[in-house]
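# Overview (structure and organization)
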Amino acid sequence: METESEPYVRLATLRQLHQVVTDLNTARSLADTLQTVADGVIAGLGYELACVNLVRPDGDLVVAAFAGNAAAEALITGRVGSRASWERRLTMGEGWGDLRFIPHTEGWVLLEDDVPQWYTEGPEPRFEDEWHPQDRLYAPMYASGGGRELLGVISVDKPRNGRRPGAWGREALQMYASQSAIAISNARLRANMQRALVRLEREQQALRASEESFRQAFEYAPSGMAIAEMGGDQHGRLLRTNDALCRLLGRPAAVMRRYSFADLVHPDDIGLLLRTSAEGGRAELRLGRRDGSYVWVSLRNSVVADTADGPRFLLTHVEDIEERKRHELQLAHRASHDSLTGLPNSAELRARLSARLCQRPYAVGATAVEALDAAYGEVHDGRPETPGHAVCASGGFDFDPAPGAGPFDHHVHMVAPEGEVDDGTKGLAVLFCDLDGFKSINDRFGHNTGDAVLIEVARRLTTGVRDGDTVARLGGDEFVVLADGLGAADAADLAVRLRNAIIPPIRVDGRAVRVGASFGIGWASCGMSVEEVLRSADQRMYIEKRSRAKVHRRAG
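A brief look at the structure comes next. Every value quoted in this text rests on a predicted model; they were computed, and no experiment measured them.

### Topic: the overall build of the protein
Counting its secondary structure elements, the protein contains 17 helices and 22 strands. Counting contacts in the protein only where the partners sit at least 6 residues apart, residues at least 24 apart contribute 58% of the total. Here the protein displays about 30100 Å² of accessible surface, and carbon together with sulfur accounts for 52% of that area.

Here is the structure:
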């Protein structure tokens, strides 16, 4: 029921409403804003009790602020009402715009639900719009926008004039609820921003600490560390190196930034580096020092990204393994070389010879014309005719492989010269050497003298052959020489030169001793086994030794 003083009431209420809305925007925190909303109802809208129920993340509503009665505030602040109970209340009673009024005649059914409430008994209203203590008036607060997301509910009680609000009072309460929703949203946004800023600052502090920790771990690591670019024109270029890597390679950091690992790696290891320059790649290879020497290192690569979509870098850990590699090479050398003379031993000799042979016999051209044609790249019957070597390659592929051979056999087939006459065929000569008179030296002067003789014979044999030829100690006083690309006459000349190199006296402990040497010349040919090749040379050596013994007896 409107009175004639209503215009004056409206003006006063509007002034008070303006003041409390202004106060809403000055609150510093969400809790202050919620309490200001409750206090504003008391100060600006003429109610004696006000309660602000805020929607929690789980959907239920909690009593977040209370004003007007300290006892009621202590009793219900912090208590929670279920979303279902609140939705029931917001659909009961009378709808005054967005407001919801539930008269005491209907509200008695709500006395037992779980929504926190403060109520008192009272007499029946004396006139139509008189306020009853069990009347309920709710002002829902919705987020701005078209979704009408419920932020909370303002519940009010006991208007000071004792009457239900008129049209202006209802409009003022609805306007206040709308402004309160905006203030609460802004307060939440500020709170979220403050939390985000605090979280960001903590993350930045953690990032700075992590970067500093990485920097110290990188710079002061006992082994080498490097960061290189990935992709682009500068792929592989070193961006940063630590002191340990600079010391290992003898290059300052400023100079290292001019290189990539591909510039520093040993030429024989470049393929290995390219195969392992990827995420999780690992390799053992040699890097060049400033003085021109190379050091064995173990590289371990991992890919790191600057940001989620930022550039990728290659983080490389470089470990010095020079001592281990030297030890491994020493062990491998000991396993494949004679401990006395340092020459390849019997196992290494057989391995090298086996690598040159295959199970497929191959013959050289039968005529001089075919041999001449082969020298100019001509092919007869689908076979290249190269004296001494038959190579399966472009321009001379053997398209008729032996059983078990691949369709493109790149093996260089070994062919032996035929007979004692040099027909121009070049092959792999196997010279079997047996020392004459060594046993008597060993028996007469002792093993130390015998060892010294063997060492000197090994040196003379090694000096008398070409680079790339193999001189091996087969055992005892037997040696084997592998010399590729020789004809029959070349092999005979080599045997004579080596025999003449062995004959001169050998001085041991001030004493001159002499040994002779018998050589047998065999030829490695595909289709033969290693043992067959060595046996052939051994047999020829014994034939030569017996023939020389007969000559000496006739001469005597």
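Back to the write-up after that little detour.
### Details of the pairing of strand E18 (residues 470-475)
Bridge count for E18 against strand E19 (residues 478-486) is five bridges, and the pairing is antiparallel. Bridge pairing links Val471 to Val481 in E19.

### Here's the deal with unusual backbone geometry
Phi is mostly negative for residues that are not glycine, and the peptide bonds are mostly trans. Located in the positive-phi region is Lys158, a residue other than glycine, with phi close to 55°. Topologically, Lys158 is positioned in strand E7 (residues 150-159). Positive phi, close to 55°, is recorded for Asp509, a residue that is not glycine. Within the secondary structure, Asp509 is located in the loop between strand E20 (506-508) and strand E21 (511-513).

### Examining the sheet that holds E19
Spatially, four strands are ordered E18-E19-E17-E22 in an open sheet, and the strand pairing comes out antiparallel. Only two strands of the sheet have a single neighbouring strand rather than two, namely E18 and strand E22 (516-524). For this sheet, the mean inter-axis angle between neighbouring strands, taken without regard to orientation, is 25°. Across seven bridges, strand E17 (residues 427-436) lies against E19 in antiparallel orientation. Bridging across to E19, Ala429 finds its partner in Ala483. Set on the sheet, helix H15 (residues 447-464) makes contact with E17, E18, E19 and E22; between it and E19 the angle comes to about 5°. Along the sheet face, helix H16 (residues 488-502) touches E17, E19 and E22 and points at about 155° away from the line of E22.

### Notes on the nonpolar core
Core analysis: the biggest nonpolar cluster contains 35 residues, and Val41, Leu45, Leu137, Ile154, Leu173 and Tyr176 have the highest contact counts within it. For this core, the secondary-structure elements that each account for two or more residues are helix H1 (6-24), helix H2 (30-45), strand E1 (47-55), strand E2 (61-67), strand E5 (99-102), strand E6 (136-142), E7 and helix H6 (167-219). Here this core takes seven residues from H6, the largest share from any one element. Not counting chain neighbours up to four residues away, the residues in contact with Val41 comprise Gly46, Tyr47, Ala50, Ile154, Val156 and Tyr176. Core analysis: the second largest hydrophobic core is formed by 31 residues, Val471, Val513, Val515 and Trp523 among them.

### Comments concerning the side chain of Gln134
Considering the arrangement of structural elements, one finds Gln134 in the loop between helix H5 (104-107) and E6. Those residues in contact with Gln134, other than ones at most four positions away along the chain, are Ile102, His104, Thr120 and Glu121.

### A closer look at the sheet that holds strand E9 (residues 238-241)
With antiparallel pairing, five strands are arranged side by side in an open sheet as E9-E8-E12-E11-E10. With partners counted over all chains shown, the strands left at the sheet margins are E9 and strand E10 (282-288), one partner each. Adjacent strand axes in the sheet meet at a mean angle of 35° when their direction is disregarded. With six bridges connecting them, strand E8 (residues 224-229) and strand E12 (residues 312-320) associate as antiparallel partners. Looking at E12, one finds that Gly224 is bridged to Val318. With respect to the sheet, helix H11 (residues 322-336) is in contact with E10, strand E11 (294-305) and E12, its orientation differing from that of E11 by roughly 130°.

The rules behind each value
Residues numbered from 1 in each chain as written. Predicted model: local features only at pLDDT ≥ 70, side-chain atom pairs only at ≥ 80, totals over all residues. Heavy atoms only, no water. Helix = DSSP H or I, 4+ residues; strand = E, 2+ residues; numbered from the N terminus. Contact = heavy atoms within 4.5 Å. Areas by Shrake-Rupley, 256 points an atom, 1.4 Å probe, with all protein chains shown as cover. Pairing = 2+ DSSP bridges. Axes fitted to C-alpha atoms, helices over the stretch in contact; angles between N-to-C directions. Core = buried A, V, L, I, M, F, W, Y, C linked by side-chain atoms within 4.5 Å. Buried < 20%, exposed > 50% of the residue type's maximum accessible area, 1.4 Å probe, protein only.

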